[in-house]
Amino acid sequence: MPPHDSSSARAPASEGTSQSTGSGRQVLSDSVYEQIKAMVMDHEIAPGARVGIEALSRALGVSPTPVREALARLEADGLVVKRSLSGYRATELLTREGLEELFEMRLLLEPRAAALAAVNAGEEQLDAIERLVEEMQTHPGPTGRYADYRDFAALDQRFHDAIAVASQRPLLADAVERLHSHLHVFRLRSVRSADDPTLAEHERVVRAILRRKPDRAAEAMAEHLTRSLQRQLSQEPKS
């Protein structure tokens with residue numbers, strides 16, 4: 001009988017421990033990211049204010065490492081900026097001009113993406129887009145703190161991103177995603193009424209895509225974005 005190899009017997013346990021540790025670190029990293037993101041979105045970290053790694057580490061009761069990882073992700077989101085010698089700062093809120101420019105870009109990209117999605121989307125992509133609209137109906141819009149409408153905001157962005165991906169134009173989809181428009185707009189903290197038309201506008205876009213009508217899909221998306229901009233401009237952003 002060959003000698004017993006104890007190292008091989010221990011290997012699975014060691015691997016499991018490593019996977020468990022890695023999973024735990026990811027959960028911590030995601031949690032810290034969401035906590036700091038909420039502080040920025042709710043203006044607990046004021047627009048333009050310095051974001052101190054050590055201070056956040058102490059406030060959240062974690063080491064500086066997950067804070068640094070979170071800030072790197074938030075920089076990619078466009079919610080913080082890193083400057084040499086001065087560290088991270090929360091980005092300023094969009095001005096009226098900045099908001100108009102953001103929607104100008106969206107109006108250039110997203111109606112075209114909707115039209116292409118009506119032609120090119122696969123059946124699974126169509127089902128996924130339809131499910132996103134249905135799921136949005138179960139979540140409250142931005143009427144309170146970010147934690148209360150985080151799921152709605154995430155679904156809103158996923159809806160627009162999914163349509164762009166379904167266009168089968170990778171560069172177009174990447175451009176839409178990189179705008180991070182949902183974060184900048186929701187950060188303005190506009191209060192929505194119970195009869196907010198966003199979902200109805202989304203449904204019109206989806207119907208046109210499902211019916212494979214590219215012109216109508218583009219028109220519905222342009223109408224949605226134009227009205228969304230008008231709703232934003234009709235109220236003063238809260239500081």
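Structural data are supplied above this passage.
Residues numbered from 1 in each chain as written. Predicted model: local features only at pLDDT ≥ 70, side-chain atom pairs only at ≥ 80, totals over all residues. Heavy atoms only, no water.

Draft legend 1. Spotlight on the sheet that holds strand 3 (residues 87–90). Taken in spatial order, the three strands line up as 1-3-2 in an open sheet, and their pairing is antiparallel. At either margin of the open sheet sits one strand with a lone partner, and together these are strand 1 (50–51) and strand 2 (80–83). Relative to strand 3, strand 1 is paired through two bridges, and the arrangement is antiparallel. Bridging from a neighbouring strand, V51 pairs with Y88 of strand 3. Running over the sheet, helix 3 (residues 64–77) touches strand 1, strand 2 and strand 3 and is turned about 110° from strand 2. (Pairing = 2+ DSSP bridges. Helix = DSSP H or I, 4+ residues; strand = E, 2+ residues; numbered from the N terminus. Contact = heavy atoms within 4.5 Å. Axes fitted to C-alpha atoms, helices over the stretch in contact; angles between N-to-C directions.)

Draft legend 2. Expanded view of the packing of helix 5 (residues 123–136) against helix 9 (residues 198–210). Look at helix 5 against helix 9: their axes get within 10 Å of each other, and the N-to-C directions meet at 165°. Taken together, the axes of helix 5 and helix 9 lie roughly antiparallel to each other. Crossing hand, helix 5 versus helix 9: left-handed. Between helix 5, through L126, I129, E130, V133 and M136, and helix 9, the contact on the second element is made entirely by L199, H202, E203, V206, I209 and L210. Of the residues in the contact of helix 5 with helix 9, the class split is eight nonpolar, one polar and two charged. (Parallel < 35°, antiparallel > 145°, perpendicular 65-115°, else oblique. Left-handed = near helix turned anticlockwise from the far one by under 90°. Nonpolar A, V, L, I, M, F, W, Y, C, P; charged D, E, K, R; others polar.)

Draft legend 3. Main features of the pattern of salt bridges. In the structure shown here, the tally under the stated rule is eleven salt bridges. When the shortest N-O distance is used, the salt bridge between R106 and E110 registers 2.7 Å. One end of the pair is R106 and the other is E110, both in helix 4 (residues 96–120) and four residues apart, which spans about a single turn. Per residue, the accessibility class of R106 equals that of E110, and both read buried. With its nearest N and O atoms 3.5 Å apart, the salt bridge here joins R212 to E123. Of this pair, R212 sits in the loop between helix 9 and helix 10 (214–233) while E123 is found in helix 5, placing the two residues 89 residues apart along the sequence. Residue R212 is classed as partly exposed on the basis of its relative accessible area of 33%. Taking relative accessible area as the criterion, E123 reaches 54% and is therefore assigned exposed. (Salt bridge = Lys/Arg side-chain N within 4 Å of Asp/Glu carboxyl O. Buried < 20%, exposed > 50% of the residue type's maximum accessible area, 1.4 Å probe, protein only.)

Purely spatial values, then, with no claim about function.
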